[in-house]
Amino acid sequence: MPYLEYIDADAAWNCISEFKIPTCVIVKDRNPCGIASRDGMLEAYRLAVKGDPASAIGGVLAFNVEVDKVSVS
């Protein structure tokens, strides 16, 4: 993983840690480019991508709850 993605991952962790409800954050170049909170993580992810679809490509995703097959169905 490139060095800048480690920095993006740290920024994503710092951002996602602020939320108590299920949330998805997408960070690209140390800036959140999408964030959404929903009961379902799949819906949170979809809405976070809509924040800035172009920047979301190649961005770092962070979730504040465990993501598994049940949480995305």
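Up top is the structure.
Re the nonpolar core
Working step 1: By size, the foremost hydrophobic cluster in this structure holds 8 residues: Cys 24, Ile 26, Cys 33, Ala 36, Met 41, Ala 44, Ala 48 and Ala 56.
Working step 2: Every element with two or more residues in this core is listed here: β1 (23–28), β2 (31–37) and α2 (41–51).
Working step 3: Excluding its chain neighbours within four sequence positions, the residues that come into contact with Ile 26 are Asn 31, Pro 32, Cys 33, Gly 34, Ala 48, Val 49, Ala 56, Gly 59, Val 60 and Leu 61.
Working step 4: Counting 7 residues, the second-largest nonpolar core is a separate cluster that includes Cys 15, Val 25, Val 60 and Ala 62.

Digging into the state of the cysteines
Working step 1: Tallied over the entire structure, the rule returns 0 disulfides.
Working step 2: The cysteine Cys 15 is free of any disulfide, with Cys 24 supplying the nearest cysteine sulfur at 10 Å.
Working step 3: In this structure Cys 24 is a free cysteine whose sulfur lies 9.6 Å from that of Cys 33, the closest cysteine sulfur available.
Working step 4: For Cys 24, a relative accessible area of 0% gives the class buried.

Definitions and limits used
- Position numbers for residues start from 1 in each chain and track the written sequence from start to end.
- Local features in a predicted model are, by the rule used here, given only for residues with pLDDT of at least 70; side-chain atom pairs are given and counted only at 80 or more, and totals for whole chains, interfaces and linings are based on all residues.
- Hydrogens and water are ignored here; the side-chain numbers use all heavy atoms of the structure.
- The set of buried Ala, Val, Leu, Ile, Met, Phe, Trp, Tyr and Cys residues whose side-chain atoms join them within 4.5 Å is what this entry labels a nonpolar core.
- Buried means the residue's accessible area, taken with a 1.4 Å probe over protein chains only, is under 20% of the maximum for its type, while exposed means over 50%, and partly exposed covers the values in between.
- Each helix is a run of DSSP H or I of at least 4 residues and each strand a run of E of at least 2, with the numbering of both proceeding from the N terminus.
- By the convention used here, residues are in contact when the closest approach between their heavy atoms is within 4.5 Å.
- Disulfide assignment relies on a single distance test, namely cysteine sulfur atoms paired within 2.5 Å.

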